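Examining the three-dimensional arrangement
Residue strings, one per chain:
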Amino acid sequence: MRCSCKECGTYMIQAESDHLGCICPDCGYRCNDCLGTNTVVSRDRLKELAFDPRFDPENIARSFEDPEDAEWFDDDITGR
C-alpha cells in the first residue's frame, strides 16, 4: 500500500517494529490505516491459515456454485 502522510503529504514507508504501519520519513507521523482493521496477523498465524480448509481453492470454488445451475452442465442430453 502506498500512503501519503496526513500531516505533511510526504510518501510514507511501511515500517516493521513493535508498532506496525507506515511512518513518514519527514515528520515522523505514524499510522496503520492501510492495515484496515487496526489489527495485525502474526507471521505464524498467517502460515497456519495456509492449511485452513476454509481457504482451500476447491472449497472456495464450491461456494460460488449455484445448485440451480447444475442442470445446465448435465452431460446427459436426454435430460435424465
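Described below are features of the structure shown in this document.

**Overview of the overall build of the chain**
Helix and strand content of the chain: two helices and three strands. Its helices and strands in sequence order give the chain the pattern β-β-β-α-α, from N to C terminus. When burial is assessed residue by residue, the chain has 14% of its 80 residues classed as buried. Excluding contacts between residues fewer than 6 apart, the proportion of contacts in the chain whose partners are at least 24 apart in sequence is 8%.

**Some points on the pattern of salt bridges**
What the rule picks out here adds up to three salt bridges. For Asp-33, the salt bridge is made with Lys-6, and the minimal N-O distance between the two is 2.4 Å. Pair noted here: Asp-33 is in the loop between strand S3 (30-31) and helix H1 (43-49) and Lys-6 is in the segment before strand S1 (13-15), with a separation of 27 residues, a long-range link. Put simply, Asp-52 and Arg-54 hold a salt bridge, and the shortest N to O gap is 2.6 Å. Judged by its relative accessible area of 15%, Asp-52 falls in the buried class. On the basis of relative accessibility, which here comes to 56%, the residue Arg-54 falls in the exposed class.

**Focus on the nonpolar core**
Counting residues in each nonpolar core, the largest one holds six residues, listed as Cys-3, Cys-5, Met-12, Cys-22, Cys-24 and Cys-31. Sequence-distant contacts of Cys-24, that is, excluding residues within four places in its chain, are made with Cys-5, Cys-8, Thr-10, Met-12 and Tyr-29.

Conventions we followed
The written sequence of each chain sets the order in which its residues are numbered from 1. Note on the predicted model: pLDDT of at least 70 is required for a residue's local features to be given, and 80 or more for side-chain atom pairs to be given and counted; whole-chain, interface and lining totals, by contrast, use all residues. Water and hydrogen atoms play no part in the side-chain values, which are based on all heavy atoms of the structure. Here a helix means four or more residues in a row that DSSP labels H or I, a strand means two or more in a row labelled E, and each is numbered from the N terminus. For every residue, the accessible area (1.4 Å probe, protein chains only) is compared with the maximum for its type, and the residue is labelled buried under 20%, exposed over 50%, or partly exposed between those bounds. Contacts between residues were defined by any pair of non-hydrogen atoms, one from each residue, lying within 4.5 Å. For this analysis, a salt bridge means a side-chain nitrogen from Lys or Arg found within 4 Å of a carboxyl oxygen belonging to Asp or Glu. Put simply, buried Ala, Val, Leu, Ile, Met, Phe, Trp, Tyr and Cys residues joined by side-chain atoms within 4.5 Å make one nonpolar core.

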